[in-house]
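Summary of the model geometry
So you can see what is in the structure, the chains are spelled out below.
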Amino acid sequence: PGEGCGFVVLMRQADALRDGRRIYATLRGWGMSSDGHGGMTRPEASGQRLALQRAYAKAGFPIDSVTLFEGHGTGTPVGDPIEISTVTSLLEPANGTPHFIGSIKANIGHTKAAAGIAGLIKSMMAVHTGVIPPITGCNDPRDVAPLQVTQSAIPWPENAPRRAAVSA
């Protein structure tokens, strides 16, 4: 565990374009779900699925079109498998878009409340630079089809949408 802080400046896209601001990424959708049971330490697949469905409905594009998934990735035996299985259950592996997964926590630890903003910043910079960042500290990476893990930075795949998703 650790501590940290981070921030982003949000602006309506039309206003940012009008004012000539640098745009690193555009946030298109978000979703959350909690039934009040289980709490923060025991996620449920049904709640995660509902949050994802809400996020992609707001975003206006399917989860299959997302190239990079920034996972919550706490390294827990309950949370990580539920997160990964929920995402993979909603992906269509044959659609042609490669899907990568990582977590900033491998680099900085779990910074409590700051972990979500750190993952958002990492994902925004990946979209902005067109580079899929590596996951570090993972000595035994296991791809979980169709999700892939990369241990070195790679260029964003050609013909793949520059879209990232963040679980925080």
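Residues numbered from 1 in each chain as written. Predicted model: local features only at pLDDT ≥ 70, side-chain atom pairs only at ≥ 80, totals over all residues. Heavy atoms only, no water.

With that out of the way, let us pick up the confidence of the model for the chain. Looking at the chain, the pLDDT average stands at 87 and 92% of residues meet or exceed 70. Taken element by element, the chain is modelled with least confidence in helix H4 (residues 105–108), mean pLDDT 82, and with most confidence in strand E3 (residues 131–132), mean pLDDT 98. (pLDDT = per-residue confidence, 0-100. Helix = DSSP H or I, 4+ residues; strand = E, 2+ residues; numbered from the N terminus.)

We now examine the packing of aromatic side chains. Applying the stated criterion to the full structure yields 1 aromatic pair. Here the aromatic rings of Tyr56 and Phe61 are separated by 6.1 Å at their centres, their planes lie at 65 degrees, and the arrangement is edge-to-face. Given a relative accessible area of 13%, Tyr56 falls into the buried group. The residue whose ring lies beneath Lys58 is Trp30, and the NZ or CZ to ring-centre distance is 3.4 Å. (Phe/Tyr/Trp six-rings, centres within 6.5 Å; stacked < 30°, edge-to-face > 60°. Buried < 20%, exposed > 50% of the residue type's maximum accessible area, 1.4 Å probe, protein only. Lys NZ or Arg CZ within 6 Å of the ring centre and 35° of its normal.)

With that out of the way, let us pick up the pattern of salt bridges. Scanning the model with the defined rule gives 4 salt bridges in all. Between Glu70 and Lys122 there is a salt bridge whose closest N-O contact spans 2.8 Å. One end of the pair, Glu70, is in strand E1 (residues 68–70); the other, Lys122, is in helix H5 (residues 114–129), and 52 residues separate them in sequence. Glu70 sits in the buried class, given a relative accessible area of 2%. (Salt bridge = Lys/Arg side-chain N within 4 Å of Asp/Glu carboxyl O.)

Within the secondary structure layout, Thr86 lies in helix H3 (residues 79–90). Ignoring any residue separated from it by four or fewer positions in sequence, one finds Thr86 in contact with Ala45, Gln48, Arg49 and Leu52. (Contact = heavy atoms within 4.5 Å.)

Hydrogen bonds between backbone atoms are what pair the strands of a sheet, whose relative direction is either parallel or antiparallel. Taken in spatial order, the 4 strands line up as E4-E2-E1-E6 in an open sheet, and their pairing is parallel. The open sheet terminates on both sides in strands that have one partner only, identified here as strand E4 (147–148) and strand E6 (164–166). Pairing of E1 with E6, which is carried by 3 bridges, proceeds in the parallel orientation. Bridging across to E6, Phe69 finds its partner in Ala165. (Pairing = 2+ DSSP bridges.)

With that settled, consider the side chain of Ser123. With respect to the helices and strands, Ser123 occurs in helix H5. In terms of polar contacts, Ser123 uses its side chain to reach the backbone carbonyl oxygen of Gly119, at 3.0 Å. (Polar contact = N/O pair within 3.5 Å; in protein donor to acceptor, adjacent residues only side chain to side chain.)

Ranked by size, the top nonpolar core spans 13 residues in total, and within it Tyr56, Ile63, Val66, Phe69, Val87, Leu91 and Leu147 carry the most contacts. Counting residues per element, this core draws most heavily on helix H2 (residues 45–59), which supplies 4 residues. If near-sequence neighbours (up to four positions away) are discounted, Tyr56 is found in contact with Phe61, Pro62, Ile63, Val66, Phe69 and Ala165. (Core = buried A, V, L, I, M, F, W, Y, C linked by side-chain atoms within 4.5 Å.)

What follows concerns the pairing of strand E2 (residues 99–102). Look at any regular strand and the pattern is simple: side chains alternate between the two faces of the sheet. Burial along E2 is two-sided: His99 and Ile101 facing one way and Phe100 and Gly102 facing the other are all buried. Bridging between E1 and E2 involves 3 bridges; their strand directions are parallel. Across the sheet, Glu70 pairs through a bridge with Gly102, a residue of E2. Of the pairings in the sheet, the one linking E2 to E4 comprises 2 bridges and is parallel in character. The residue of E4 that forms the bridge with Phe100 is Gln148.

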